[in-house]
Amino acid sequence: NSGTETSLTLVGATGAGGNLTVDNQAAALTELVIQQEASGTIALDTGTNTKSLFVTGNEAATLTGAGAAALTSVDVSGASSIVATNDPFSAIDAYSGSGGIDDIDIAGVAANATILTGASNDDVTFTVAATNGNSATVSLGSGDDTVTLDNAMNSGAITLDGGAGV
């Protein structure tokens with residue numbers, strides 16, 4: 001990595017499956033675009049400099065790692081489904097969900113965060129200190145969605161918008 005590049009695009013080989021591990025130690029590299037060609041796990045390891053992630057390719061992905069937890073902007077609208085539960089987002093500001101199932105855990109939100117889950121049966125779980133005095137709007141798409149709020153959350157606000165049954 002050079003010290004001045006701010007964005008990196010990774011394109012998978014057609015039909016090649018497997019997982020991808022990225023360990024970003026470059027302070028300037030804040031945006032990562034991943035074009036998947038087969039389902040797999042995207043592990044954003046110890047480098048927490050990446051703040052924006054875009055996933056395309058219409059494949060299923062699992063996000064893990066300390067770097068995944070540190071993301072502030074996630075756009076997986078080009079993925080078929082997403083699981084991000086092992087390392088919950090700790091400072092998410094904007095999340096644009098996949099065309100399929102989104103199963104995400106959120107441990108922290110930025111002020112006025114926006115979570116858009118998209119279509120299908122999505123599952124959004126907020127942990128104890130998720131709002132930490134901040135507010136978030138969760139816009140639910142079609143499907144039977146589940147939003148779980150920890151009973152110890154005592155500051156901030158979560159606004160639910162939309163959803164098939166709302």
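Counting starts from 1 at the beginning of each chain's written sequence and moves along it residue by residue. For this predicted model, a pLDDT threshold of at least 70 governs which residues receive local features, and a threshold of 80 or more governs which side-chain atom pairs are given and counted, while totals over whole chains, interfaces and linings are taken from all residues. To obtain the side-chain values, all non-hydrogen atoms of the structure were used and water was disregarded.

Caption draft 1: Structural detail: the overall build of the protein. When helices and strands are tallied, the protein shows 1 helix and 15 strands. Both definitions apply: the radius of gyration is a C-alpha atom measure, and the globule rule equals 2.2 Å times residues to the power 0.38. The C-alpha radius of gyration computed for the protein amounts to 15 Å, which stays within 12% of the reference 15 Å derived for 166 residues, consistent with globular compactness. Dimensions of the protein along its principal axes, counting C-alpha atoms only, are 45 × 30 × 20 Å. Three labels apply to residues, based on accessible area from a 1.4 Å probe with only protein chains included: buried if under 20% of the type maximum, exposed if over 50%, partly exposed otherwise in between. In the protein, which comprises 166 residues, the proportion classed as buried is 35%. Counting only contacts in the protein whose residues sit at least 6 apart along the sequence, the fraction spanning at least 24 positions is 16%. Going along the chain from the N terminus, every DSSP run of H or I of four or more residues is numbered as a helix, and every run of E of two or more is numbered as a strand. In this analysis, two residues are considered to be in contact whenever any of their non-hydrogen atoms come within 4.5 Å of each other.

Caption draft 2: Focus on the sheet that holds strand β1 (residues 7–11). The parallel open sheet is built from 8 strands, whose spatial order is β1-β3-β5-β7-β9-β11-β13-β15. If you trace the sheet from one side to the other, it starts and ends with β1 and β15 (157–162), each paired once. Pairwise comparison of adjacent strand axes, ignoring direction, gives a mean angle of 10° for this sheet. Pairing geometry for β1 and strand β3 (residues 31–35), over 5 bridges, is parallel. Within the sheet, the bridge partner assigned to threonine 9 lies in β3 and is valine 33. For two strands to count as paired, DSSP must find a minimum of two bridges between them. In this analysis, axes come from line fits to C-alpha atoms, helices being fitted only over the stretch in contact, and the angle between any two N-to-C directions falls in the range 0 to 180 degrees.

Caption draft 3: Summary view of the sheet that holds strand β6 (residues 60–64). Taken in spatial order, the 7 strands make up an open sheet running β2-β4-β6-β8-β10-β12-β14, and their pairing is parallel. The open sheet has two edge strands, β2 (20–22) and β14 (146–149), and neither has a second partner. This sheet shows a mean twist of 10° between the axes of neighbouring strands, independent of strand direction. Sheet topology note: the β2/strand β4 (residues 40–44) ladder contains 3 bridges and is parallel. Bridge pairing links leucine 20 to isoleucine 42 in β4.

Caption draft 4: Highlighting the environment of glutamine 36. Examined against the element boundaries, glutamine 36 turns out to sit in the loop between β3 and β4. What glutamine 36 contacts, discounting residues up to four positions off in sequence, is Ile42, Val55, Thr56, Gly57, Glu59, Ala60 and Ala61.

Caption draft 5: Quick look at the nonpolar core. Grouped together as the largest cluster of nonpolar side chains are 31 residues, with contacts concentrated most on Ile82, Phe89, Tyr95, Ile104 and Ile106. When neighbours within four sequence positions are excluded, isoleucine 106 is seen to be in contact with Pro88, Phe89, Ile92, Ile115, Val124, Thr125, Phe126, Thr127 and Ala130. Nonpolar cores were defined as sets of buried Ala, Val, Leu, Ile, Met, Phe, Trp, Tyr and Cys residues, with membership established by side-chain atoms within 4.5 Å.

Caption draft 6: Quick peek at the side chain of serine 139. Tracing the backbone through its elements, the reader meets serine 139 in strand β13 (residues 135–140). For serine 139, a relative accessible area of 17% translates into the label buried.

Caption draft 7: Molecular detail of unusual backbone geometry. Look at asparagine 58: it is not a glycine, yet its phi comes out positive at around 55°. Following the sequence through the fold, asparagine 58 ends up in the loop between β5 (52–56) and β6. Its identity is not glycine, yet asparagine 132 carries a phi of approximately 45°, on the positive side. Judged by relative accessible area, asparagine 132 falls into the exposed class, the value being 61%.

Caption draft 8: Fine view of the pairing of β6. Pairing of β4 with β6 involves 4 bridges; the strand directions are parallel. Looking across to β6, one finds that glycine 40 is bridged to alanine 61.

Caption draft 9: Seen up close, the side chain of threonine 64. Residue placement: threonine 64 occurs in strand β6. Classification of threonine 64 by relative accessible area gives buried; the value is 15%.

Caption draft 10: Representation of the environment of threonine 64 within the structure. Along the primary structure threonine 64 and leucine 32 are separated by 32 residues, whereas in three dimensions their C-alpha atoms are 15 Å apart. Apart from residues lying up to four places away in sequence, threonine 64 is in contact with Thr41, Ile42, Ala43, Leu44, Asn86 and Asp87.

Structural measurements only, silent on function.
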